[in-house]
Amino acid sequence: MDQKRSLKDILLFCTFLSGWAALTYEILWVRLFSLVFGHTTFAISTVLAAFMAGLALGSWAGGRWADSGKWNLAKAYAVCEIGIGVFGLLSKHLIRLLEAALVGLGIGQWFFWWQSLGWFIVLFLLLLPPTFFMGATLPILVVWAKKTGRSASQNMAVFYGVNTAGASLGTLAAGLWLASELGITWTLIGAVFLNVLAAALAWRVAQLERGQVLNYAGNGVRSSFVTCYNKLWPPFSSCQQVT
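Calculation notes
Residues numbered from 1 in each chain as written. Predicted model: local features only at pLDDT ≥ 70, side-chain atom pairs only at ≥ 80, totals over all residues. Heavy atoms only, no water. pLDDT = per-residue confidence, 0-100. Contact = heavy atoms within 4.5 Å. Core = buried A, V, L, I, M, F, W, Y, C linked by side-chain atoms within 4.5 Å. Buried < 20%, exposed > 50% of the residue type's maximum accessible area, 1.4 Å probe, protein only. Helix = DSSP H or I, 4+ residues; strand = E, 2+ residues; numbered from the N terminus. Polar contact = N/O pair within 3.5 Å; in protein donor to acceptor, adjacent residues only side chain to side chain. Patch = residues over 30% accessible without salt bridge, like charges linked within 9 Å, V, L, I, M, F, W, Y side chains within 5 Å. Areas by Shrake-Rupley, 256 points an atom, 1.4 Å probe, with all protein chains shown as cover. Salt bridge = Lys/Arg side-chain N within 4 Å of Asp/Glu carboxyl O. Phe/Tyr/Trp six-rings, centres within 6.5 Å; stacked < 30°, edge-to-face > 60°. Expected span 1.5 Å × (residues − 1). Bend = angle between axes of the 7 residues up to and from the residue.

Draft legend 1. Expanded view of the confidence of the model for the chain. Per-residue confidence for the chain averages 83 on the pLDDT scale, and 84% of its residues sit at or above 70. Note that residues 213-229 has pLDDT below 50 and, in this model, 2 contacts with residues that lie over four places away or in other chains. Per-residue pLDDT stays below 50 along residues 235-243; that stretch engages in 5 contacts with residues further than four places along the chain or on separate chains.

Draft legend 2. Region of interest: the nonpolar core. If you look at the biggest cluster of nonpolar residues, it comprises 58 residues, and the most contacted ones within it are L11, Y25, W29, F33 and I140. Every element with two or more residues in this core is listed here: helix 1 (2-37), helix 2 (40-68), helix 3 (73-104), helix 4 (112-144), helix 5 (152-182) and helix 6 (184-232). Per-element accounting of this core gives the leading share, 16 residues, to helix 1. Not counting chain neighbours up to four residues away, the residues in contact with F33 comprise G38, A43, T46, V47, I95, L123 and L127.

Draft legend 3. Just the side chain of N155, in detail. Of note, N155 is situated in helix 5. We classify N155 as buried; its relative accessible area is 0%. A distance of 3.4 Å separates a polar atom in the side chain of N155 from the backbone oxygen of A145.

Draft legend 4. Expanded view of a nonpolar patch on the surface. There is a patch of nonpolar side chains on the surface, built from I82, V86, L89, L90, L182, W186, I189 and V196 and spanning about 730 Å² of accessible area. Only helix 3 and helix 6 provide two or more residues apiece to the nonpolar patch. The element best represented in the nonpolar patch is helix 3, accounting for 4 residues. The topology assignment puts I189 in helix 6.

Draft legend 5. Highlighting the environment of L102. Position of L102 among the secondary structure elements: in helix 3. Owing to a relative accessible area of 11%, L102 belongs among the buried residues under this scheme. Residues L102 and V122 lie 20 residues apart in sequence; the distance between their C-alpha atoms is 9.3 Å.

Draft legend 6. Inspection of the packing of aromatic side chains at higher detail. In this structure the tally under the stated criterion is 8 aromatic pairs. Seen in terms of ring centroids, W65 and F132 are 5.9 Å apart; in terms of plane orientation they differ by 70 degrees. Their pairing is edge-to-face. Taken together, the residues span a long stretch of sequence, with W65 in helix 2 and F132 in helix 4 at a distance of 67 residues. Here W65 falls in the partly exposed class, since its relative accessible area comes to 36%.

Draft legend 7. Representation of the side chain of S18 within the structure. Structurally, the position occupied by S18 is in helix 1. Assessed through its relative accessible area of 7%, S18 is described here as buried. If we ignore the near neighbours within four places in the chain, the residues touching S18 are Y77, E81 and N163.

Draft legend 8. Structural context of helix 2. With 29 residues, helix 2 should reach 42 Å at 1.5 Å per residue; the first-to-last C-alpha distance of 42 Å fits that figure. Buried within helix 2 are the following residues: A43, T46, V47, A50, F51, G54, G58, A61, G62, G63 and A66. Among the residues trailing helix 2, G69 stands out with phi positive, at a value near 75 degrees.

Draft legend 9. Highlighting helix 5. When the local axis directions of helix 5 are compared, the greatest deviation, roughly 50 degrees, occurs at A174. Those residues of helix 5 lying buried are N155, F159, N163, G166, A167, G170, A173, A174, L178 and A179. Downstream of helix 5 by one or two residues, G183 has phi in the positive range, about 90 degrees.

Draft legend 10. The environment of A53, seen in detail. Positionally, A53 belongs in helix 2. Distance in space between the C-alpha atoms of A53 and T131 is 7.9 Å, their sequence separation being 78 residues. In contact with A53, not counting residues within four places along its chain, are F124 and L128.

Here's what the structure looks like:
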């Protein structure tokens, strides 16, 4: 149980890093979208709408995956973090490519509201994959944490609280200092590093879990072998009792 709690502490740290990275992306994407829309209100609305939709879909799917029992949950969490990080690294370039493509299609000639709707749909769909992965992380961790013996509500409270704390600090750091001092590109790279670190730690947790299972299995095999040998060869059992 102590080892499970240690592994849980590692994953709590992972969800703290994940929350920090997620809100860093949100701040940066709002800034990038503001350059596209030319209006902060539309940029904020698009990013928030994509975040809420992606988190909802990801949470639903992540819960189903975790309950299915077909996945190693720590590895599944690591894959989600890598997915977020890969998109985060490419997001600035993807936004520029889409902007160039739509401008080439003549979106600037459209009526203002149709133009805004076109940008909204394209950029909303662009953000769905990373926010989907973000939404999937929490239910995966909550189901994993059942192994520690706590109830689902307790696990949800702890993981959600730590994730939100990381998100709060990420918002403050990115919004008030990092983006202005380091620039959008380097701040994005910093957020990607947090995702990669969280993924590496979660993958290590999966490896430690597998080693623990193998140890239990090995002990069980040895115990079964000794029991069968004692029954088949009684003198061996008597020798054990003498010794």
